[in-house]
Amino acid sequence: VLAIPKLSSQNNQMRQAVRRLSTITREMQSTAKLHGAVYRLVIDLADGPKAGSQKYWLEKATSKTVLTPDEMNAPEKPADKDDEEAQKAQALFVPDEKLLKGEKELPGDLVFEDVELKRKEQPITRGKVYIHFFPQGLADEAVIHLKGSAKLRWSLVIHPLTGKTDIQTEYVSLKELSP
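Residues numbered from 1 in each chain as written. Predicted model: local features only at pLDDT ≥ 70, side-chain atom pairs only at ≥ 80, totals over all residues. Heavy atoms only, no water.

Chemist: Can you explain the sheet that holds strand β8 (residues 153–158)? Please cite residues and give values.
Modeler: In spatial order, the strands read β5-β7-β8-β9; together these four strands make up an open sheet with antiparallel pairing. The open sheet is flanked by β5 (111–117) and β9 (165–168), the only strands paired with a single partner. Neighbouring strand axes in the sheet, compared pairwise and without regard to direction, differ in orientation by 15° on average. Across six bridges, strand β7 (residues 142–147) lies against β8 in antiparallel orientation. Counterpart to valine 143 in the pairing with β8 is valine 157. (Pairing = 2+ DSSP bridges. Helix = DSSP H or I, 4+ residues; strand = E, 2+ residues; numbered from the N terminus. Axes fitted to C-alpha atoms, helices over the stretch in contact; angles between N-to-C directions.)

Following this line, the structure appears as structure tokens:
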């Protein structure tokens, strides 16, 4: 009897985190249009789906509104460790804390299972993944797969033309969504 409320509370926290991530992607699309800048959602999958080791945060491009394929996947470029201003000026992207304060971890047993990007052949299961939102209102076509305890799974489908995100309560791949 004592375990049921705790399990229910964890499930509610996981659902809330999925909705919050979906809302953040919608806000990034609007913010990119409003500010005329490229934004990206960074998902650090670390070494795979282990609770507590994965994080996500938001970054904003420092100048360009058009990126080359190499720039889209480039991590921040480190400069001299002692010169913080030089590091910021040299980086293509800098952390943006207007929509999301710092790095966030997923609650409980919720983990990023993988992320599919249209520009990549295989789902990404390790390392950092970058999902871009452009000033024209466009976004990378992507599906973020999340897995909770027991049989809970979600797919956050990011539409490329609108930047909007749909939540599916099952694992849905990009191939299934393509006509």
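Chemist: Quick one: what's the story with the nonpolar core, residue by residue and with numbers?
Modeler: Note that soluble globular proteins tend to have their nonpolar side chains buried in a common cluster. Among the nonpolar cores identified, the biggest contains 32 residues, and Leu41, Ile43, Ile131, Ile144 and Leu146 are the most heavily contacted of them. Mapped onto this core, the elements with two or more residues apiece are α1 (3–35), β1 (39–44), β2 (55–61), β5, β6 (128–133), β7 and β8. Of the residues forming this core, the biggest block, seven residues, is contributed by α1. When sequence neighbours within four positions are dropped, the list of residues in contact with leucine 41 reads Leu21, Thr25, Met28, Tyr56, Trp57, Leu58, Val129, Tyr130, Ile131, Phe133 and Ile144. (Core = buried A, V, L, I, M, F, W, Y, C linked by side-chain atoms within 4.5 Å. Buried < 20%, exposed > 50% of the residue type's maximum accessible area, 1.4 Å probe, protein only. Contact = heavy atoms within 4.5 Å.)

Chemist: If you had to explain the environment of valine 38 to someone new, which residues and values would you point to?
Modeler: Position of valine 38 relative to the elements: it lies in the loop between α1 and β1. Taking relative accessible area as the criterion, valine 38 reaches 0% and is therefore assigned buried.

Chemist: Account for the pattern of salt bridges, with residues named and values stated.
Modeler: Following the criterion strictly, the structure yields four salt bridges and no others. Here glutamate 113 ties to arginine 153 by a salt bridge, and the two come within 2.4 Å at their closest N and O atoms. Taken together, the residues glutamate 113 in strand β5 and arginine 153 in strand β8 connect sequence positions 40 residues apart. Overall, glutamate 113 belongs to the buried group, its relative accessible area being 17%. Arginine 119 is the salt-bridge partner of aspartate 140, the closest N and O atoms lying 3.0 Å from each other. Pair noted here: aspartate 140 is in the loop between β6 and β7 and arginine 119 is in the loop between β5 and β6, with a separation of 21 residues, a long-range link. Given a relative accessible area of 9%, aspartate 140 falls into the buried group. (Salt bridge = Lys/Arg side-chain N within 4 Å of Asp/Glu carboxyl O.)

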